[in-house]
Amino acid sequence: MACLMAAFSANNTSVTNSIIMNTNGPPDLMLDPRTVCVCMDELINSKGGSQQTPLLQGHQKKGENHLTEAQRFSYLPRRPAVNIEFRDVSYCVPEGPWWKKKGYKTLLKGISGKFPSGALVAIMGPSGAGKSTLMNILAGYRERGMKGEILINGQPRDRRTFRKVSCYIMQDDMLLPHLTVHEAMMVSANLKLQEKEEGRREMVREILSALGLLDCGKTRTSHLSGGQRKRLAIALELVNNPPVMFFDEPTSGLDSSSCFQVVSLLKALAQGGRTVICTIHQPSAKLFELFNKLYVLSQGQCIYRGQVSNLVLYLGELGLHCPTYHNPADFVMEVASGEYGDQTAHLVKAVQEKKCEKDYKMDVNGDGPMNSFLWHRTEEESSSSEGCHSFSASCMTQFHILFRRTVLSILRDSVLTHLRIMSHIGIGVLIGLLYLGIGNEAKKVLSNSGFLFFSMLFLMFAALMPTVLTFPLEMGVFLREHLNYWYSLKAYYLAKTMADIPFQVVFPLAYCSIVYWMTAQPPDAVRFLLFLSLGVMTSLVAQSLGLLIGAASTSLQVATFVGPVTAIPVLLFSGFFVSFDTIPKYLQWMSYISYVRYGFEGVILSIYGLDREDLHCDQGDTCHFRKSEAILRELDVEDAKLYLDFIVLGVFFVSLRLIAYLILRYKISAER
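Residues numbered from 1 in each chain as written. Predicted model: local features only at pLDDT ≥ 70, side-chain atom pairs only at ≥ 80, totals over all residues. Heavy atoms only, no water.

1. Quick look at helix H16 (residues 395-412)
Stage number 1. Along its 18 residues, H16 runs 26 Å from first to last C-alpha, staying within 8% of the 26 Å computed at 1.5 Å per residue.
Stage number 2. Within H16 the residues assigned to the buried category are Gln398, Phe399, Ile401, Leu402, Arg405, Thr406, Val407, Ser409 and Ile410.
Stage number 3. Against helix H7 (181-192), helix H17 (414-434), helix H18 (445-483) and helix H19 (489-518) lie the buried residues of H16. (Helix = DSSP H or I, 4+ residues; strand = E, 2+ residues; numbered from the N terminus. Expected span 1.5 Å × (residues − 1). Buried < 20%, exposed > 50% of the residue type's maximum accessible area, 1.4 Å probe, protein only. Contact = heavy atoms within 4.5 Å.)

The structure is reproduced here in structure tokens:
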């Protein structure tokens, strides 16, 4: 029956529109007789259609422009339509690691095609056929190893300019979990658009209404369903109205109802004049009918390109007959997988002879040639500034928006913030009770030095591990937004660094204020401020190391393992367990890169240095460490300089942040 429906839809152009019209999905995807798109209106008027016909009554008439809510975005900037064409595209990657290359593996083998504006295009094929590779090349995410030609509206593509007017929505919906739907949308609007605040808010409300997300505007993204998350990911990129939209497996992980809602939305977006391209894995017959164009890959070669409605008839002409009651999408996947014999060479030859392109230049709905522009290029867009590679917002605007977003996320993060402040207070009270009143006792100097070391140890781990655990998850969001030209890496990294610093001051302040006075350290404001400052510096350096590990790690599991492992040598060579003179000559250099050593050394000097008076010792007791000089000599820090500890910790902070920044830049370049 599915094959009969596919054949029937070739001669009945209203099938797809009726499917969208009668969907039980979000009401905002229905056709609305009140919806009028200004630019579409101009098209209608230019053809002499001055009288408006209710869409619900006239949707079956030829030449009727079907307008859905997803097409009626009056606040969106107008864009020229984009037709994508690629010729003889090949792509190969080296096999084996860089030090032991075994040659190259070819993933795409001289494929060609054309994806016109106004069409919903599906790229299909079995696993390993090259679907995602082709998508990444067309989106501009892959350049190295690619041969061939990619044309945009008949002109060679400028990759960076093209990336500014296109968007790539990945399979995994990478969203910041602590923002609400409306907050996430406003961040996108503020970064991408230069309109006034009222206009941006109205535009956001309009998009959320069209995508059925208005009711959950105050819901955090972590509490959304799979279908809502997918629609929000689309809405975030729809803010600047990109004429080209790429989707990697948009139906992955969704139930049948959510799948239909998402694909219906993509269909409506395509009907608004956009070029919508997506990879999809074995859609149902109902979903398959919604696509206009189909591009099937097998072993890196194209075995079909053309109208979805022509697929069954075309394969039948080549002797591959779709069984009755069989889903055409399943059938073509079975053919591509070789279940009907090795048909790849036969099908590739037929494609090269253009047998499947008889109706290729027909309109999406079969009503004649498609008008190539549904947006009119304005004088501003036609100016030379269109080739500018800068972002929509200025650097200061990007920093301001990202700083507010980062602070908001940190405040709402139960792991990164709430548990940390509770742990700093709780551990502070526990340590204060354990070492209660020992700060001025000469007999308990070693216990007090143990307290000082543990304080640096705790502040290090309390800053290192939460960052190691959370930053790899945030990396996915950053890559998606940066590669879709939301903001620059500099603005993001500076905003994250500046937003973290206040919290990295408050947490050690809470801990140090408790333990310093409970353990009866010298009641001196200068010594307390030095103790607090060294705790803050150690915490900042540890967090910087956590950012570095998170940025360099390929997964959360790797980061979780590497974080504690890097702390072991840092602690071993900190000067508490082994003095510097005891360390073998060939390992002494490791003591210089242990940032905890400088924190520990600094707090020892702060507490027992600066000409401290003699410690308390009961009469009749023998106290070896009554003099502060003896304590410094025992701990091998009598010649140390306090200001050098601050300088070295500052150098560690700046260096680790800079290295993490360079790693992020490398990762971005590797993504391309």
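2. Looking at the sheet that holds strand E7 (residues 244-248)
Stage number 1. Strand order in the open sheet made by the six strands is E6-E7-E8-E3-E9-E10, with mixed pairing throughout. One side of each edge strand has no neighbouring strand; the edge strands of this open sheet are strand E6 (166-169) and strand E10 (301-307). With strand direction ignored, the average angle separating the axes of adjacent strands in the sheet is 15 degrees.
Stage number 2. As paired elements, strand E3 (residues 120-124) and strand E9 (residues 293-298) share four bridges and run parallel to each other. (Pairing = 2+ DSSP bridges. Axes fitted to C-alpha atoms, helices over the stretch in contact; angles between N-to-C directions.)

3. Section: unusual backbone geometry
Stage number 1. Even without being a glycine, Gln299 presents a positive backbone phi close to 55 degrees.
Stage number 2. Looking at the secondary structure, you find Gln299 in the loop between E9 and E10.
Stage number 3. A relative accessible area of 47% means that Gln299 is categorised as partly exposed.
Stage number 4. At Tyr325, a position not held by glycine, the phi torsion is positive, near 60 degrees.

4. A word on the pattern of salt bridges
Side-chain pairs of opposite charge can arise whenever the charged atoms involved come near each other.
Stage number 1. Within this structure, the stated rule accounts for 14 salt bridges.
Stage number 2. Linking Glu85 and Arg87 is a salt bridge whose minimum nitrogen-to-oxygen distance equals 3.2 Å.
Stage number 3. Assessed through its relative accessible area of 22%, Glu85 is described here as partly exposed.
Stage number 4. Of the charged contacts in the structure, one is a salt bridge between Arg527 and Asp524, with a shortest N-O distance of 3.7 Å.
Stage number 5. Of the residues examined, Arg527 reaches a relative accessible area of 6% and is grouped as buried.
Stage number 6. Residues joined by salt bridges that share partners form a network here, namely Lys192, Glu237, Arg405, Arg480 and Glu481. (Salt bridge = Lys/Arg side-chain N within 4 Å of Asp/Glu carboxyl O.)

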